[in-house]
Amino acid sequence: MKKILIATEKPFAPVAVEGIKKVFADAGYEVVMLEKYTEAADLLKAVADVDGLIIRSDNVTADVVNAAQNLKIVVRAGAGYDNIDLVACTQKGVVAMNTPGQNSNAVAELAFGMMLYNARKAFNGTSGSELRGKKIGIHAYGNVGRYIAVIAKGFGMDVYAHDPFVEKEDIQKDDVVPVLSVSQLYKTCQYISLNVPANEQTKKSINYDLLKSMPKGGTLVNTARKEVIDEEGLLKVMEERNDFNYLSDLTPDCKDELLEKYADRVVITAKKMGAQTSEANINAGLAAAKQIVRFFEKGDKTFQVNK
Ligand code: 3PG
């Protein structure tokens, strides 16, 4: 009997866990749960004899991969897989997958929640501003970026996007203005929605020069990863421009300084919660479970990311 571990430091909604368990029960697999763990050692212990693993932002390090003697597949229930040591997986013959698109709407909705909260001064009774008529630049036009575009148009915003991996015609098809360079996107748009993955090319790439160039009321909305921000540059811009806002679903390393000095221009969620809805948990969790069953039963490797 195949044994599957669901290791989620930040648990799925109970209704999603129920659905995931049913998928595995129907396939005749055993499920073990490790939720809200605080020590990496707990994960090392829990993976020892499992055949498959479902995770969220949980770190699958080389140590985890090496501790999992029977592991054949790890599925990141979500989009970003920067938390998986892909080299270690490949070396041990472990297939790594993600579930692209499954939680994207939830992330996009949260971005607008943060934007409204900030534009309306944290609902504190003073006059704020509206999103209608403002320019929003979508930095990376993937699954989240596309939902951002749809919602932004609902708000009456002018929508721009930059993505070197998407044909400009495909961006235009969505009635979004393609922008050829990152610098032009930041120069043009008061709002920037950051949706790039964290990798060697993007780490610390959102720097002082880009942020400084944003128009009046510049607002960076980060639902991507903290690693892509050059935090020194961000702090410098916050210091120099009292019209600049930073809204983040990721806890920055410089969180204390940001909140101490610029509390009225900063929004930081208590814990990454873009994908933290029942719907997103069900979509991503069930997709992960079904991908594991299809992998074991049919050899299906769709969505493998360590090819
Ligand atoms: C993702 O990459 O899918 C999002 O960042 C959501 O991450 P989470 O599952 O840890 O909330």
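Rules used throughout
- Every residue gets a number counted from 1 within its own chain, in the order that chain's sequence is written.
- The model is predicted, so local features are restricted to residues of pLDDT at least 70 and side-chain atom pairs to those at 80 or more, both for listing and for counting; the totals for chains, interfaces and linings are taken over all residues.
- Here the side-chain values reflect all heavy atoms present in the structure, with hydrogen atoms and water set aside.
- Secondary structure follows DSSP: runs of H or I at least 4 residues long count as helices, runs of E at least 2 residues long count as strands, and numbering of each begins at the N terminus.
- Throughout, the radius of gyration refers to the C-alpha atoms, and the reference size of a globule is 2.2 Å times the residue count to the power 0.38.
- Note on classification: 1.4 Å probe, protein chains only; a residue is buried when its accessible area is under 20% of the maximum for its type, exposed when over 50%, partly exposed between these limits.
- Throughout, the Shrake-Rupley method with a 1.4 Å probe supplies accessible areas, and for residues the shown protein chains are the sole cover considered.
- For each residue, the test is whether any non-hydrogen atom lies within 4 Å of the molecule or strand; if one does, the residue is near.
- Think of a 1 Å grid over just the protein atoms. A cavity is a set of points where a 1.4 Å probe fits yet cannot get out, a pocket is an open set with protein on both sides within 12 Å along at least five of seven lines, and lining residues have an atom within 4 Å of a point.
- Whether a molecule lies in a cavity or pocket depends on its atoms, and more than half of them have to be within 2 Å of the grid points.
- Grid points are joined across faces, edges and corners, and a volume is the space filled by probe spheres set on the points.
- Polar here means any residue other than Ala, Val, Leu, Ile, Met, Phe, Trp, Tyr, Cys and Pro, which are nonpolar, and Asp, Glu, Lys and Arg, which are charged; Gly is therefore polar.
- Pairs of N or O atoms within 3.5 Å make up the polar contacts considered here, provided that, within protein, one atom can donate a hydrogen while the other can accept it, and that residues adjacent in sequence are counted only when both atoms are side-chain atoms.
- Domain extents, as shown, originate in an automatic or database domain assignment.
- We call two residues contacting when some pair of their heavy atoms lies within 4.5 Å.
- Accessible area that two parts lose when put together, evaluated with a 1.4 Å probe and summed over both, is termed the buried area.
- Each salt bridge in this description consists of a side-chain nitrogen of Lys or Arg and a carboxyl oxygen of Asp or Glu lying within 4 Å of one another.
- Expected span, for any helix, means 1.5 Å times one less than how many residues it has.
- The arc in question is the one spanned by the directions pointing from the helix axis to the C-beta atoms.
- The pairing criterion is simple: DSSP has to find at least two bridges between the two strands.

Engineer: Go over the overall build of the chain, please, and point to the residues and values.
Structural biologist: Within the chain, the secondary structure is distributed over twelve helices and twelve strands. The C-alpha radius of gyration computed for the chain amounts to 20 Å, which stays within 12% of the reference 19 Å derived for 307 residues, consistent with globular compactness. Projected onto its principal axes, the C-alpha coordinates of the chain cover approximately 60 × 45 × 35 Å. The buried share of the chain, taken over its 307 residues, is 50%. Summed over its atoms, the accessible surface of the chain is roughly 14500 Å², and 49% of this surface lies on carbon and sulfur atoms.

Engineer: Quick rundown of the site of the ligand? Include the residues and the values.
Structural biologist: Every residue near the ligand is listed here: K10, R56, S57, R76, G78, A79, G80, N103, R225, K272 and A275. Contact with the protein chains covers 94% of the free accessible surface of the ligand, which is 320 Å². A molecule is said to occupy a pocket when more than half its atoms come within 2 Å of that pocket's grid points, and by this definition the ligand occupies the largest pocket.

Engineer: Please set out the layout of surface pockets residue by residue, giving values where relevant.
Structural biologist: In this model, the largest pocket occupies a volume close to 1200 Å³. Surrounding the largest pocket, 47 residues form its lining, A79, G80, N195, V196 and P197 being those nearest its centre. The greatest single-element share of the lining of the largest pocket, amounting to four residues, is contributed by helix α6 (residues 143–154). Split by residue class, the lining of the largest pocket holds 18 nonpolar, 20 polar and nine charged.

Engineer: Can you tell me about the environment of N283, naming the residues and giving the values?
Structural biologist: Relative to the assigned elements, N283 resides in helix α12 (residues 278–298). For N283 and D256, which are 27 residues apart along the polypeptide, the C-alpha to C-alpha distance reads 34 Å. A distance of 3.4 Å separates a polar side-chain atom of N283 from the backbone oxygen of Q102.

Engineer: Report on the domain arrangement of the chain, specifying residues and quantitative values.
Structural biologist: Interface size is commonly expressed as the accessible area that is lost once the parts come together. Its domain assignment divides the chain into domain 1 (3–102 + 277–298) and domain 2 (104–268). For domain 1 and domain 2, the distance between their C-alpha centres works out to 30 Å. In this assembly, eight residues from domain 1 lie in contact with five residues from domain 2. Both faces combined, the contact of domain 1 with domain 2 buries some 460 Å², and carbon together with sulfur accounts for 43% of it. Looking at the side of domain 1 facing domain 2, the largest losses of area belong to D82, G101 and T277, adding up to 68% of the total buried there. For the pair domain 1 and domain 2, the interface holds one salt bridge.

Engineer: Which residues make up helix α1 (residues 14–27), and what are the values?
Structural biologist: Taking 1.5 Å of rise per residue, the 14 residues of α1 would be expected to cover 20 Å, and the 20 Å separating its terminal C-alpha atoms lies within 8% of that figure. Among the residues of α1, those classed as buried are A16, V17, I20, V23 and F24. Viewed end-on, α1 has its buried residues packed into an arc of 120 degrees, placing them on one side of the element. Turned more than 90 degrees from where α1 packs its buried face, P14, E18, K22 and D26 sit exposed. Elements that come into contact with the buried residues of α1 comprise β1 (3–8), β2 (30–35), β3 (52–55) and α12.

Engineer: Hey, could you go over the pairing of strand β9 (residues 191–194) for me, with residue numbers and the actual values?
Structural biologist: Of the two faces of β9, the one holding Y191 and S193 and the one holding I192 and L194 are both buried throughout. Here strand β6 (residues 135–139) pairs with β9 via four bridges, running parallel. Residue H139 lies in a different strand from β9, and its bridge partner there is L194. Where β9 meets strand β10 (residues 219–222), four bridges bridge the pair, whose relative direction is parallel. By the bridge assignment for β10, Y191 is matched with T219.

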